[in-house]
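Each chain, letter by letter, is given below.
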Amino acid sequence: MEKLPQVAYFCMEYGLHHSFKQYAGGLGILAGDHLKGAHDEKLPLVGLGILWKQGYGDQRIDDHGNPYDSYEIQQYENLEDTGVRVSVKIRQRQVKCKLWKTEAYGNAPLYLLDTDLEENDGADRWITGQLYGWFGEERIAQEMVLGIGGIRALRALGLECDVYHFNEGHALFAGFELLREKIYQGLSFHEAWQETRREVVFTTHTPIVQGNESHPLDRLIYMGANNGLTLEQMVELGGAPFNMTVGALRLARRANAVAQLHGETANAMWAHVDNRCEILAITNAIHLPTWVDMPLMDLKGKELWDRHQKNKQDLIGFIKKRTGQELKADRLLIGFSRRAAPYKRSDFIFSDPKVVGPLFKEGKIQIVFSGKAHPLDDTGKTIVANLVEMSKKYPDSVVFLENYDMEIGAALTRGADVWLNNPRRPKEASGTSGMKAAINGVLNLSTLDGWWPEICDHDKNGWQFGDGFVSEDEEIHDSHDLKDLYKVLQDKVIPLYYSNQDGWIKMMQNSISDCRDQFAVKRMLNEYYQKLYILPDAKTAKKESKSKTKSSKKK
Ligand SMILES: *Cc1c(COP(=O)(O)O)cnc(C)c1O
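Conventions used here
- Residues numbered from 1 in each chain as written.
- Predicted model: local features only at pLDDT ≥ 70, side-chain atom pairs only at ≥ 80, totals over all residues.
- Heavy atoms only, no water.
- Pairing = 2+ DSSP bridges.
- Helix = DSSP H or I, 4+ residues; strand = E, 2+ residues; numbered from the N terminus.
- Axes fitted to C-alpha atoms, helices over the stretch in contact; angles between N-to-C directions.
- Contact = heavy atoms within 4.5 Å.
- Phe/Tyr/Trp six-rings, centres within 6.5 Å; stacked < 30°, edge-to-face > 60°.
- Lys NZ or Arg CZ within 6 Å of the ring centre and 35° of its normal.

J.: Give me the sheet that holds strand β19 (residues 462–464): which residues, what numbers.
T.: Judged by pairing direction, the sheet is parallel, and its six strands sit side by side in the order β16-β15-β14-β17-β18-β19 without closing on themselves. Edge strands, defined here as strands with exactly one partner in the open sheet, are β16 (398–401) and β19. Averaged over all adjacent pairs, the angle separating strand axes in this sheet is 20°, with direction ignored. Note: strand β14 (residues 332–337) against strand β15 (residues 365–370), six bridges, orientation parallel. Of the residues in β15, the one forming a bridge with G335 is V368. Along the sheet face, helix α13 (residues 378–393) touches β15 and β16 and points at about 135° away from the line of β16. Contacting β14, β17 (418–421), β18 (443–446) and β19, helix α17 (residues 501–515) crosses the sheet at an angle of about 85° to β18.

Next up, the structure:
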């Protein structure tokens, strides 16, 4: 077997365990599962990230039913001080970074940079203070520590890497450090760019425009993020204002989107960017031992049903402990947990109280929600407040669990009967919580967005609603999807649950068998190696670059 390339994986956040609050959401969960999968499969990969002093904030609900954020200094165990120190010049000050290592992942270790050192200026100690805590200068400083500091850490460790993987544009400044190294050795900017391109791969995420960071050039230069590049060179890479995703698409040899549909969306979204790499699609997946009740996967019939009932009972107990509400084990239980971003439409099911009011009142359906809003997103907070209000209106059948984290995520995706997902297509890049549910025998009820169109076999392994409808007009889009959601819920889901247990079990079996390999991290990592990490040999590389010049000439 040929030797696999050594990969350095860069990400702002890692979701490894609920007690290690170094993650905010799906991006971190993906990074954590990527690392765990690499460990299981004995792949040569190291992770680079930041040790966040306060991690990601907690979000609880106050007495008036409104969410509020709080931050606590975290105590971390099982971190090893590597003894390595690197420094990054930020705002003309040398900021020292200490390098920690998590011991848990052997061949796939995670290295974390930390600026909270006595020798640093007071403000600089807080650069690694809060995950996504601030915008503007602070965000740039964080990204400089991750990117520039990350490459320097690899050099100090003496770790030779063949591929640098930027998971999201946050890590782009690592590319600037790779450029600087080569320019320092005497290459011109364009020669250095060509060389760097051979080493870098990039994963793009949200198709929401505002989710793709851009920064004013003068601010980047004031911070020192240009790392020796001139203004013109910066513009050539990322435009003006400087867009991190655009920069990464121009600095990478290849990029990927995180589901097949997202591949189409991302290619259309970035079609206007010249001189960029191609964007392939590699659908996300999950680390099964983290998310799935492993013994359940192999059960059939009544045994599968009973095992699921036990998981459901565990969830009901978990909810009772957290909120005091007691759901009923013999009633249909829907799960929903998402960051409260408007396009995800968390409170969608409540849109027409005439339809759903009686269903909740009679206890025909029960629903458990969880999810945080971004601390600065007032619309998201209104959505959370509305969910809390609904849990007060229907206390016997609607639950809101505050402070969404991996523990809640795992409990819900094991113990619910149905997993509801209703983003406005095509805004959801992938959505891995539905995969967790599917492989736990929890049936997906979802719009055809993210990963779901790839495997949805309506009425066989789950349900779709909306038929892939898309509209520029949000009102039209919503009313179309809502009608269909209610229809599928009332004509399919509810009757099947209450009157055809065998049919339900059959669908659980299909859901598990259709998804357990396809959405397991092993398949995903294999694709990353085959399509992204393993450098195409010189001949294919030449062909590729030729066909690219041809196609760009055609335009
Ligand atoms: C799985 C998970 C996610 C990602 O799921 P989505 O479907 O993308 O929302 C985010 N946060 C937590 C805590 C999770 O467990």
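J.: Describe the packing of aromatic side chains, naming the residues involved and giving the relevant values.
T.: Scanning all chains against the criterion turns up 18 aromatic pairs. Each ring, one from F176 and one from F242, has its centre 5.9 Å from the other, and the planes form 80°; the classification is edge-to-face. Residue F176 is found in helix α4 (residues 173–184), and its partner F242 is found in strand β11 (residues 242–243); the two are separated by 66 residues along the sequence. Look at W305 and Y497: their rings are 6.3 Å apart centre to centre, the planes differ by 45°, and that puts the pair in the tilted class. Note that W305 is positioned in helix α11 (residues 301–323) and Y497 in helix α16 (residues 474–499), a separation of 192 residues in sequence. One cation-aromatic arrangement involves K436 over W291; the distance from NZ or CZ to the ring centre is 3.7 Å.

None of this, on its own, says anything about what the molecule does.
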